[in-house]
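# An overview of the molecular structure
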Amino acid sequence: MFVALIAHDKADGLPIRQENRPDHLAYLKSSNAVAQAGPLLDAEGGMIGSLIILDVPDMAAAGDWAANDPYAKAGLFQSVTLTHWNRVIG
């Protein structure tokens, strides 16, 4: 099943994001669960969150994946939602 992980950074999160980005990217690349991923951007192009499409067996697996993301472990996110997603195009 596909799950959309949508995370919004804390207002003061840019230093946390920058410090943990290499570990986050390594986690994305090492995982067989990531179908698509990229940052959410503000009007100036600054990173303010994350959108990750996970291909996992169930919501529990999505929750485990999200909890082990280095960004989550570093306390970057203000909020995280996991929503079952149905790909129609692509």
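Figured I'd write up the structure that's included with this text. Positions within a chain are numbered from 1, following the residues in the order the chain's sequence is written. With the structure being a predicted model, the display of local features is reserved for residues of pLDDT at least 70 and the display and counting of side-chain atom pairs for 80 or more, all residues being used for whole-chain, interface and lining totals. Hydrogen atoms and water are omitted, and side-chain values are computed over all heavy atoms in the structure.

## Some remarks on helix 2 (residues 59-67)
When we look at burial in helix 2, the residues that qualify are Ala62, Trp65 and Ala66. In a view along the axis of helix 2, the buried residues occupy a sector of 95°, so they form one face of it. Looking at the packing, one finds that the buried side of helix 2 touches strand 1 (2-9), helix 1 (14-30), strand 2 (34-41), strand 3 (47-55), helix 3 (70-73) and strand 4 (77-85). Put simply, Asp58 is the residue that caps the front of helix 2, since its side-chain oxygen is 3.2 Å from the backbone nitrogen of Ala60. Partly exposed describes any residue whose relative accessible area lies between the buried limit of under 20% and the exposed limit of over 50%, with all areas from a 1.4 Å probe on protein chains only and scaled to the type maximum. The helix and strand labels rest on DSSP assignments: H or I over at least four residues marks a helix, E over at least two residues marks a strand, and numbering proceeds from the N terminus. As used here, the arc is the angular range of directions from the helix axis to the C-beta atoms. Contacts between residues were defined by any pair of non-hydrogen atoms, one from each residue, lying within 4.5 Å. Polar contacts, as counted here, are pairs of nitrogen or oxygen atoms within 3.5 Å of one another; within protein the pair requires one atom able to donate a hydrogen and one able to accept it, and residues that are adjacent in sequence qualify only if both atoms are side-chain atoms.

## Looking at the nonpolar core
Within the largest apolar cluster, 15 residues are counted, with the highest numbers of intra-cluster contacts made by Leu5, Ile52, Leu54, Val56 and Trp65. Going through the elements one at a time, strand 1, helix 1, strand 3 and helix 2 are the ones with two or more residues in this core. Those residues within four positions of Val56 in sequence are excluded, and the remaining contacts are Met1, Val3, Ala33, Ala61 and Ala62. Buried Ala, Val, Leu, Ile, Met, Phe, Trp, Tyr and Cys residues that are joined via side-chain atoms within 4.5 Å together make up what is termed a nonpolar core.

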